[in-house]
Amino acid sequence: MKKALQDWMKQNPDKGAKRGKSNQFEAYKEELKVLLQAGYTTQKIALYLEEVEKVKFKKKDGKNVITSLSSYLRELAKVHGISRKGRNPTS
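First, a word on what this report is: a plain description of the structure on this page. Chains are numbered independently. Their residues run from 1 in the order of the written sequence. Only residues with pLDDT of at least 70 get local features here, since the model is predicted, and only at 80 or more are side-chain atom pairs given and counted; chain-wide, interface and lining totals rely on the full set of residues. The basis for every side-chain value is the complete set of heavy atoms in the structure, and neither hydrogens nor water enter the calculation.

This paragraph deals with a nonpolar patch on the surface. In this analysis, a patch consists of residues with relative accessible area above 30% that form no salt bridge, clustered at 9 Å for like charges and at 5 Å for the nonpolar side chains Val, Leu, Ile, Met, Phe, Trp and Tyr. In this description, accessible areas are obtained by the Shrake-Rupley approach with a 1.4 Å probe, and a residue is regarded as covered only by the protein chains that are shown. Each reported salt bridge corresponds to a side-chain nitrogen of Lys or Arg within 4 Å of a carboxyl oxygen of Asp or Glu. A contiguous nonpolar surface patch, about 300 Å² in accessible area, is contributed by L5, W8 and M9. Secondary structure counts use DSSP, requiring at least four H or I residues in a row for a helix and at least two E residues in a row for a strand, with both numbered from the N terminus. Within the secondary structure, L5 is located in helix α1 (residues 2-11).

Let us look at the packing of helix α2 (residues 29-37) against helix α4 (residues 67-80). At a minimum axis separation of 10 Å, α2 and α4 run at an interaxial angle of 75°. Judged by the inter-axis angle, α2 sits roughly perpendicular to α4. Between α2 and α4, the residues in contact are K29, L32, K33 and L36 and Y72, L73, L76, A77 and H80, respectively. Its residues assigned to classes, the contact of α2 with α4 comprises 6 nonpolar, 1 polar and 2 charged. Structural elements are reduced to axes, namely lines fitted to C-alpha atoms, with helices fitted over the stretch in contact, and the angle between N-to-C directions of any two is expressed from 0 to 180 degrees. Any angle that falls under 35 degrees is termed roughly parallel, while one over 145 is termed roughly antiparallel, one within 65 to 115 roughly perpendicular, and all others oblique. Contacts are residue-level and defined by heavy atoms, with any inter-residue pair within 4.5 Å sufficient. Residues are sorted three ways: Asp, Glu, Lys and Arg are charged, Ala, Val, Leu, Ile, Met, Phe, Trp, Tyr, Cys and Pro are nonpolar, and all the rest, Gly among them, are polar.

Quick look at helix α3 (residues 42-51) now. Here's how the labels work: a residue is buried when its accessible area is under 20% of the maximum for its type, exposed when over 50%, partly exposed in between, all with a 1.4 Å probe on protein chains only. Inspection of α3 places T42, I45, A46 and L49 among the buried residues, and these make up the whole buried set. End-on, the buried residues of α3 take up no more than an arc of 105°, which puts them together on one face. Those residues of α3 that are exposed and aimed more than 90 degrees away from the buried face are Q43, K44 and E51. Contacts made by the buried residues of α3 are with α2 and α4. Think of it as the arc spanned by the lines of direction from the helix axis to the C-beta atoms.

Below is the structure:
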């Protein structure tokens, strides 16, 4: 079975497993960058995405689980050099 799978992967390199899943927020990258620069919090950005862009968040106990959004915004801010309110690291 392993040999058959390896042969198939050699014959069909375009259909092979893709590494890394694209982030669901990648489509809104420019809007999120502008909102971060304007000083919006993660909660406000989540409301924007839900109400305006119609992005669905997983629900847990009636509250939005926005951990993935928070980490995406953290990386976006780091890449573009945006300082977030209350996020200045102390050395």
